[in-house]
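For reference, the chains in residue letters:
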Amino acid sequence: MTSVVSEPSPFRPRHLSPSSASTFRQCPRRWKLKYIEKLPDPKGEAAVLGTFVHQILEDLLSLESDKRSIDAAKNIARELWDQIPDDEDFRVLSLSDTDAKGFMWKAWRLIEQYFAIEDPTQVDVVRAEQRLAAEIGGVPFFGIVDLTEQVSDGVRVVDYKTGKAPNSRFVEDKLSQVWLYAAALAEEDVEVSEVRLMYLTSGTIDRPIDSKAVNQAVNSHRQTWDHLCEAIDTQKFPHKTGPLCNWCPYLEHCPEGALEAERRYGPRN
Ligand code: SF4
């Protein structure tokens, strides 16, 4: 009797990033609409602002350490601002002149808050915006690390956040991203000694390296990968309604999500 070897579906992604895993855990149907059907998922203003601020910080930290002044950050911000009309994500926001100015001021306030949190001249940069592709826990992982820096007892992984800091109940969940980066960096023989989430609105969340937390993050990523592969192979992507449906870009493709949003927030205009 010939045994049947099941071939992996050609739709399996080449890798799983923390944000893709998070989308799948939030709602498998949303993941399918975004990653398989490739329906547009325009970035909102907060995400475009985050990208803009990240770029300013990346350019600032790529300067020689003694040149990383607030004036240097201003010049970088001005140059990037001049280019922003060409940015597709920014154009889609269709901001009025007043709102565009407000956007710029919000970005600049975040940069000022960054300077209040740390002195960039003291940051010993190892790599900024490092693209990481590695197999961790049997999963093809991909992620972009905002910053690795040399600290007294090793290397610190930093992820900048432009949104609000999480409620204390969700902090460990938010840290899973930097634990995954630590696991991926270990595959490149970089031993991480600590991780940091830097919320520009409020300060940092720091942890020393914790192998148990790293293993938990890797196992959870593995579980998400297994569930994702199963969903792809069986073509079953159940909807998972919840409070975030109201902000889902696929509401018009998802009757259950539309009902949920209406139940929670009333009819949409
Ligand atoms: S509207 Fe809600 S249930 Fe529907 S795809 Fe979006 S997140 Fe999932």
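Before reading further, recall that the structure is shown in the block above.
One numbering rule holds for all chains: residues counted from 1, following each sequence as written. Local features in this predicted model are restricted to residues whose pLDDT is 70 or higher, and side-chain atom pairs enter the listing and the counts only when it is 80 or higher, whereas totals over whole chains, interfaces and linings include all residues.

> Would you take a moment to explain the overall build of the protein chain for this structure?
Strands are runs of DSSP state E lasting at least two residues, helices are runs of H or I lasting at least four, and both sets are numbered from the N terminus onward. Regarding its fold elements, the protein chain presents 9 helices and 5 strands. Order of helices (α) and strands (β) in the protein chain, N terminus to C terminus: α-α-α-α-α-α-β-β-β-α-β-β-α-α. Rg of the C-alpha trace for the protein chain: 21 Å, near the compact-globule value of 18 Å for 269 residues, within the 12% margin. The principal-axis extent of the C-alpha atoms belonging to the protein chain is close to 70 × 50 × 35 Å. The atom set for the radius of gyration is the C-alpha atoms, and the globule formula is 2.2 Å times the number of residues raised to the power 0.38.

> What am I meant to see in the nonpolar core here?
Considering soluble globular proteins, one finds that nonpolar side chains tend to be buried as a cluster. Buried Ala, Val, Leu, Ile, Met, Phe, Trp, Tyr and Cys residues whose C-beta atoms connect them within 7 Å together make up a nonpolar core. Any residue whose C-beta has 12 or fewer other C-beta atoms within 10 Å is treated as exposed, any with 20 or more as buried, and any in between as partly exposed, C-beta atoms being built from the backbone. Formed by 51 residues in total, the largest nonpolar core has its most connected members in Ile56, Val157, Trp179, Leu180, Tyr181, Ala182 and Ala183. With 9 residues, the top contributor of residues to this core is helix α7 (residues 171-187). In this entry, domain limits derive from an automatic or database-based domain assignment. Looking at which domains feed residues into this core, each of domain 1 (45-121) and domain 2 (124-221) gives three or more. Not counting chain neighbours up to four residues away, the residues in contact with Ala182 comprise Val157, Val192, Val195, Ile209 and Val214. Within the second largest apolar cluster, 5 residues are counted, among which are Leu33, Cys248, Tyr250 and Ala261. With C-beta atoms placed from the backbone, a contact is any residue pair whose C-beta atoms sit within 7 Å.

> Could you clarify how one ought to interpret unusual backbone geometry in this entry?
One can expect most non-glycine residues to show negative phi and most peptide bonds to be in trans. The phi angle at Asp189 is positive, at roughly 65°, despite the residue not being glycine. Summarising the element assignment, Asp189 is placed in the loop between α7 and β4 (192-199). The backbone phi angle of Gln235 is positive, close to 55°, even though this residue is not glycine. Mapped onto the secondary structure, Gln235 falls in the loop between α8 (211-234) and α9 (255-265). Residue Gln235 is classed as exposed on the basis of its C-beta count, with 10 C-beta atoms lying within 10 Å.

> What is the right way to read the pairing of strand β2 (residues 139-151) from this model?
Looking along a regular strand, one sees the side chains alternate between the two faces of the sheet. The pairing of strand β1 (residues 125-136) with β2 spans 10 bridges and is antiparallel. Counterpart to Ile136 in the pairing with β2 is Val139. Where β1 hands over to β2, the hairpin turn is made up of 2 residues, of which Gly137 adopts a positive phi near 60°. Two successive antiparallel strands, β2 and strand β3 (residues 154-161), enclose a turn made up of 2 residues. Two strands qualify as a pair provided DSSP detects at least 2 bridges between them.

> Quick question: what am I supposed to make of the sheet that holds strand β5 (residues 203-208) here?
Across a sheet, paired strands are connected by hydrogen bonds in the backbone, their directions being either parallel or antiparallel. The sheet built from 5 strands is open, its strands ordered β1-β2-β3-β4-β5 with mixed pairing. Bordering the open sheet on either side are β1 and β5, each of which pairs with just one other strand. On average, each strand axis in the sheet is inclined to that of its neighbour by 35°, with strand direction left out of account. Here β3 runs beside β4; their pairing, made up of 7 bridges, is parallel. Each bridged residue has a counterpart across the sheet, and for Tyr160 the counterpart in β4 is Met198. Axes here mean lines fitted to C-alpha atoms, for a helix over just the part in contact, with angles spanning 0 to 180 degrees between N-to-C directions.

> Got a minute to help me understand the site of the ligand in this structure?
The local shell around the ligand holds 14 residues, among which Cys27, Cys245, Cys248, Cys254 and Gly257 are the closest. In the shell around the ligand, the residues fall into 7 nonpolar, 3 polar and 4 charged. Each residue receives a C-beta atom built from its backbone; the residue is near a molecule or strand if that atom lies within 6 Å of it. Gly is placed with the polar residues, together with every amino acid not listed as nonpolar (Ala, Val, Leu, Ile, Met, Phe, Trp, Tyr, Cys and Pro) or charged (Asp, Glu, Lys and Arg).

> What's the story with the environment of Val125 in this structure? I'm lost.
Examined against the element boundaries, Val125 turns out to sit in strand β1. As for Val125 and Leu259, which are separated by 134 residues in sequence, their C-alpha atoms are 49 Å apart. Contact partners of Val125, with chain neighbours within four places excluded, come to Leu61, Leu147 and Glu149.

Shape descriptors only; they carry no functional weight alone.
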